Amino acid sequence: MIELTSITKKYMMGSSEVDVLKGVDLKIESGEFVSIMGPSGSGKSTLMNIIGCLDRPTGGSYILNGTRVDEMDEEALAKVRNTNIGFVFQTFNLLARESATENVELPLLYSGVKEPRALAVEALKEVGLGHRLGHRPNELSGGERQRVAIARAIVLNPSIILGDEPTGNLDSRTGAEIMDILKDLNAKGTTLVVVTHDPAIAAHSQRVINIMDGVITGRAG
Amino acid sequence: MLIWQVIKVAWRSILANKMRTALTMLGIIIGVAAIIAMLSLGEGAKKQVMESISRFGTNQLKVRPGAARLGHVRTGSVENLTMDDAEAIKREVPGIRSISPSVGSTGQLKYANRNATSLITGTTPLFMEINNFPVAEGRFFDETDIKLMKRVAAIGTTVRKDLFEDGPAIGEEIKIEGQTFTVIGIMSMKGQTPWFDPDDQVFIPVSTYMRRLYNQDFLNDINIQVESYEEIPDVKKGIERVLRARHRIPEGVESDFSIRDFSEMIATMQKTSQTFSILLSGIAAVSLLVGGIGVMNIMLVSVTERTREIGIRMAVGARRSDILRQFLIEALVITVSGGLIGIALGVGLGASISYFGDWETVITPSSIALGFFFSVLIGLIFGIYPARKASLLDPIEALRYE
């Protein structure tokens, strides 16, 4: 469960201070599928980074699965990212020199799992890439790359998957396939939070959160 | 992340940029090779000095007629050192273990129809002990032979080869300057020195030489063995005092004899190898420094190029310490690979120095360990800054980096 209370985030832009988030209250239950929508500069990416423990809020509290994470040090946050959160990015963010299996192994190496190879292969089979294990990202199609990224996100069974425009670089048919995989995972109990400006994607979710100028403006669903 | 996994990642990134990594390694390679060559040369020089010491003995002195002058030009009479002088030194100077006067000149040898020219040395049995030059076969002449002025000879290995080839030598009669001598012994092999071949010598009793062969009443040199190395300066002073008094040399006038010892020669050898070592360690220090800066430079480039990779790794759970470790190990892989190549090159360099130059070189495990240690040290020193820079990247900005 994600519980954000009065979350604020300030950045220094040169000498002037910019308020990106101005007091966000948001509660996402376990197993929910939530979309966050908003125009560029609305603060949705910042909110996403805070939920994903890549960034820390300037003020407010963030409780993830019953634990205050806004007060954690960087080492503990790295651990949370490693085991509790899976990221799926618009640009896939795979390591170009490594094979699909090695890319999926990456979180396992940092968590110290004993047999990373077997778990990585299993995750790749789960997203339908059992036949592409040794291929490098440049030998895969866009949809296949995003599947590798999803396999990497789920390999340690995180409680939350965060998608940052996960279909943004894909054609509509491939995008729909990716959304099907994500919805499947959600159906199995994983919380799914997707940032998008595509209403068609948002339409898949149970709840849509609109953000504008650093505050949540409305809820739908 | 396990260490071999980190090394694998580092190795892959190095292989992706072979040329650039090879050029970066060059400084480390040269530096480590210079260290190895320097140490092997130093060890070789040390060994050579030790060998010289054991060959000639450091507690050996030689008194020769004529003043010591630069350029080896002798002045004054060369016929002023007598048997009485030798006995006076033995009697009056403390700290002398043994003393052996000797005379020598080049002479004609003849056996059957073979002729040879070599150095005829007249001396006493103590000569063997003082010069660490024993007989290998038969015997040397003894005090009785000297007293009776016997015509007996101990010959060096070169002489034996020249006159007898592989045939029997002991008991044979040879002619020295037309006089018949019996061969009673064959010397051990001493080995050639840069100055002369000590094995191309015939030893006969000093009395036989002075009375029977040449009718000469002066000595060519007096070999002296001192009790211990530390006493050499005192013994030299003592000899000076005794001989100057005997030769009636007034105060302020140069001596008409000279006293030589091997410590000077050893010091010269040590100084030469030291000069060379300083030169090589200069090369080593400069190229390791420049090589290290090159490693730092290439690592900074690598960190910038892989900013996005660093962001990805952080997003999936890498801690800052994981990133630091990864880039530090990558720098170490470069410097240690360079170091290993440098060690191989240094060993080869040492071998070719002793092959082409007249220097002995010795590779010791400790010099290899030192070369390895330096390559690790350079990797740590120059790798830490880029690695730290990588570890301090903001994951969000790193992920956005194009």
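Residues numbered from 1 in each chain as written. Chains lettered and ligands numbered in written order. Predicted model: local features only at pLDDT ≥ 70, side-chain atom pairs only at ≥ 80, totals over all residues. Heavy atoms only, no water.

**Quick notes on the overall build of chain B**
Definition in use: In this text, helices come from DSSP runs of H or I with a minimum length of four residues, and strands from runs of E with a minimum of two, each type numbered from the N-terminal end. Atoms counted for the radius of gyration: C-alpha only. Globule rule: 2.2 Å times the number of residues to the power 0.38. Per-residue and other accessible areas follow the Shrake-Rupley method at a 1.4 Å probe size, with only the shown protein chains counted as cover for residues. Positive: Lys, Arg. Negative: Asp, Glu. His and the chain ends are not part of the count. The atom standing in for a charge is NZ when the residue is Lys, CZ when it is Arg, CG when it is Asp and CD when it is Glu.
Within chain B one finds 13 helices and ten strands. For chain B, the C-alpha radius of gyration of 34 Å lies well beyond 21 Å, the compact-globule estimate for 402 residues. The dimensions of chain B, computed from C-alpha atoms along their principal axes, are 105 × 55 × 30 Å. Summed over its atoms, the accessible surface of chain B is roughly 19,600 Å², and 60% of this surface lies on carbon and sulfur atoms. Positive and negative charge centroids in chain B, built from 43 and 42 side chains respectively, lie 8 Å apart.

**Brief notes about the overall build of chain A**
As a reminder of what qualifies: Think of it in three bands: with a 1.4 Å probe and only protein chains considered, a residue is buried below 20% of the maximum accessible area for its type, exposed above 50%, and partly exposed in between. Between two residues, a contact is recorded if the distance between any of their heavy atoms is within 4.5 Å.
For chain A, the helix and strand inventory stands at seven helices and ten strands. On C-alpha atoms alone, chain A measures out to a radius of gyration of 17 Å, which is about the 17 Å that the 2.2 N^0.38 rule sets for 221 residues. With respect to the three principal axes, the spread of C-alpha positions in chain A is 50 × 40 × 35 Å. Burial statistics for chain A: of 221 residues in total, 53% are counted as buried. Sequence separation of at least 24 residues holds for 69% of the intrachain contacts in chain A that already meet a minimum separation of 6. On chain A, roughly 9,400 Å² of surface is accessible, and the fraction owed to carbon and sulfur atoms is 48%. Taking the average place of the 23 positive charges on the side chains of chain A and the average place of its 28 negative ones, the gap between the two points comes to 2 Å.

**Digging into the interface of chain A and chain B**
To keep it simple, the criterion reads: When two components associate, each loses some accessible surface as probed by a 1.4 Å sphere; the sum of these losses over both components is called the buried area. The rule for a salt bridge is simple: a side-chain nitrogen of Lys or Arg has to be within 4 Å of a carboxyl oxygen of Asp or Glu. For the purposes of these results, a polar contact is taken to be a pair of N or O atoms within 3.5 Å, where, inside protein, one atom must be able to donate a hydrogen and its partner to accept one; residues adjacent in sequence count only when each atom of the pair is a side-chain atom. Charged residues are taken to be Asp, Glu, Lys and Arg, nonpolar residues to be Ala, Val, Leu, Ile, Met, Phe, Trp, Tyr, Cys and Pro, and polar residues to be all remaining types, Gly included.
Facing the 22 residues of chain A at the interface are 25 residues of chain B. When chain A packs against chain B, close to 2,200 Å² is buried across both sides, 55% of that on carbon and sulfur atoms. Interface area lost by chain A to chain B is led by R97, L109 and Y110 of chain A, which between them contribute 33%. Our count for the contact surface shared by chain A and chain B stands at six salt bridges. Here E102 of chain A makes a salt bridge to R12 of chain B, at a shortest N to O gap of 2.9 Å. For the pair chain A and chain B, the number of links is seven residue pairs in polar contact (both at pLDDT 80 or more). Among the secondary structure elements, those contributing two or more residues to the side of chain A that touches chain B are helix 2 (74-83), strand 6 (85-89) and helix 3 (100-111) of chain A. For the side of chain A that touches chain B, the per-class residue count stands at ten nonpolar, four polar and eight charged.

**Some remarks on the sheet that holds strand 2 (residues 16-28) of chain A**
Here is the rule we go by: The pairing criterion for strands is at least two bridges between them, as found by DSSP.
Taken in spatial order, the four strands of this open sheet run 2-1-4-5 (chain A), and their pairing is antiparallel. Since the sheet does not close on itself, it has two edges, and those belong to strand 2 and strand 5 (67-68) of chain A, each with one partner.

**A look at the confidence of the model for chain A**
To keep it simple, the criterion reads: Within a predicted model, pLDDT stands for the predictor's per-residue confidence, ranging from 0 to 100.
The pLDDT averaged across chain A works out to 92; a share of 99% of its residues lies at or above 70. Mean pLDDT in chain A bottoms out at strand 10 (residues 215-220) of chain A, which sits at 74, and peaks at helix 5 (residues 142-154) of chain A, which reaches 96.

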